[in-house]
Amino acid sequence: MTRAAGGRSAGRAARGGAGEARGGAGEARGRAGEGAAARPARLTGAQAHARYEALVARAMTAEDPVAALRAAAEDPALPPALRKALLGADEDGVRMSALLVARLRFERLLRGSPEAEAWFDRDPADFSAAFRRYHAEVPPTAFFPPGEARLFRRWIEARFGPARAR
């Protein structure tokens, strides 16, 4: 049945919008009992791309960025094309990108924070361990060294108090 012949409900059924068109009345009743929490919210194109970008950004700071992208591809709220893109990412390219993100953040931090640079000079192992935790916990949002230094200072203050941040 075409949309013109069947009206509005046939158009929804063709797109999978009506309960009966997806799996019959039984499936529609089952979903109704599950509630809205059981189904992912439908995202607009812009929302889906924003979510995709956030998932990729989080993967770039994960301990295993490839596994993080694979897990992100399981997000049922993402459209199939974006899920496929996450699964199709070149593993070596993902790993290299994550290393570059970490290196750039590290360099920005040392250039933007004399305190961080002094800590690194004084105790490279301790600073590096702290940086790894910071990198994993704080999304990369700064573009310039002073911004990275502010993010790091806030993270240190939240974890250890203001005295350690200096």
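Here the structure is a predicted model, which means the values were calculated and not measured. (Residues numbered from 1 in each chain as written. Predicted model: local features only at pLDDT ≥ 70, side-chain atom pairs only at ≥ 80, totals over all residues. Heavy atoms only, no water.)

Undergrad: Requested: an account of helix α3 (residues 45-60), with residues and values cited.
TA: If you check α3, its first and last C-alpha atoms are 23 Å apart, about what 16 residues at 1.5 Å a residue would give, namely 22 Å. Listed as buried for α3 are Ala48, Ala59 and Met60. With its buried residues spanning 115° around the axis, α3 presents them on a single face. Facing away from the buried surface of α3 by more than 90 degrees, the exposed residues are Ala46 and Glu53. Looking at the buried residues of α3, the elements they touch are α4 (65-72), α5 (80-88), α6 (91-112) and α8 (124-137). (Helix = DSSP H or I, 4+ residues; strand = E, 2+ residues; numbered from the N terminus. Expected span 1.5 Å × (residues − 1). Buried < 20%, exposed > 50% of the residue type's maximum accessible area, 1.4 Å probe, protein only. Arc of directions from axis to C-beta. Contact = heavy atoms within 4.5 Å.)

Undergrad: Now, about a nonpolar patch on the surface: what can you tell me, with residues and values included?
TA: Taken together, the side chains of Met96, Leu99 and Leu100 define a hydrophobic patch exposed on the protein surface, amounting to about 310 Å² of accessible area. Here Met96 shows up in helix α6. Judged by its relative accessible area of 48%, Met96 falls in the partly exposed class. (Patch = residues over 30% accessible without salt bridge, like charges linked within 9 Å, V, L, I, M, F, W, Y side chains within 5 Å. Areas by Shrake-Rupley, 256 points an atom, 1.4 Å probe, with all protein chains shown as cover. Salt bridge = Lys/Arg side-chain N within 4 Å of Asp/Glu carboxyl O.)

Undergrad: So what about the pattern of salt bridges? Which residues, and what values?
TA: Per the stated rule, a full pass over the model turns up eight salt bridges. In this structure, Arg103 and Glu107 form a salt bridge, with 2.8 Å as the shortest nitrogen-oxygen distance. Note that Arg103 and Glu107 are positioned in helix α6 at a spacing of four residues, about one turn of the helix. In this structure Glu107 comes out as partly exposed when scored by relative accessible area, which is 27%.

Undergrad: Can you explain the packing of aromatic side chains? Please cite residues and give values.
TA: Evaluated as defined, the whole model comprises 12 aromatic pairs. A ring pair is formed by Phe106 and Phe120, whose centres lie 5.4 Å apart and whose planes are at 85°; its orientation type is edge-to-face. You can see Phe106 sitting in helix α6 and its partner Phe120 sitting in helix α7 (residues 114-122), a full 14 residues away along the chain. Between the aromatic rings of Phe127 and Phe152, the centroid separation amounts to 5.9 Å while the plane-to-plane angle is 55°, which identifies the pairing as tilted. In this pair, Phe127 sits in helix α8 while Phe152 sits in helix α9 (residues 145-160), placing the two residues 25 residues apart along the sequence. Given a relative accessible area of 0%, Phe127 falls into the buried group. A residue is classified by how much of its surface remains accessible, and Phe152, at 5% relative accessible area, is buried. Put simply, the rings of Phe106, Trp119, Phe120, Phe127, Phe131, Tyr134, Phe152, Trp155 and Phe160 touch in pairs and so form one group of aromatic residues. (Phe/Tyr/Trp six-rings, centres within 6.5 Å; stacked < 30°, edge-to-face > 60°.)

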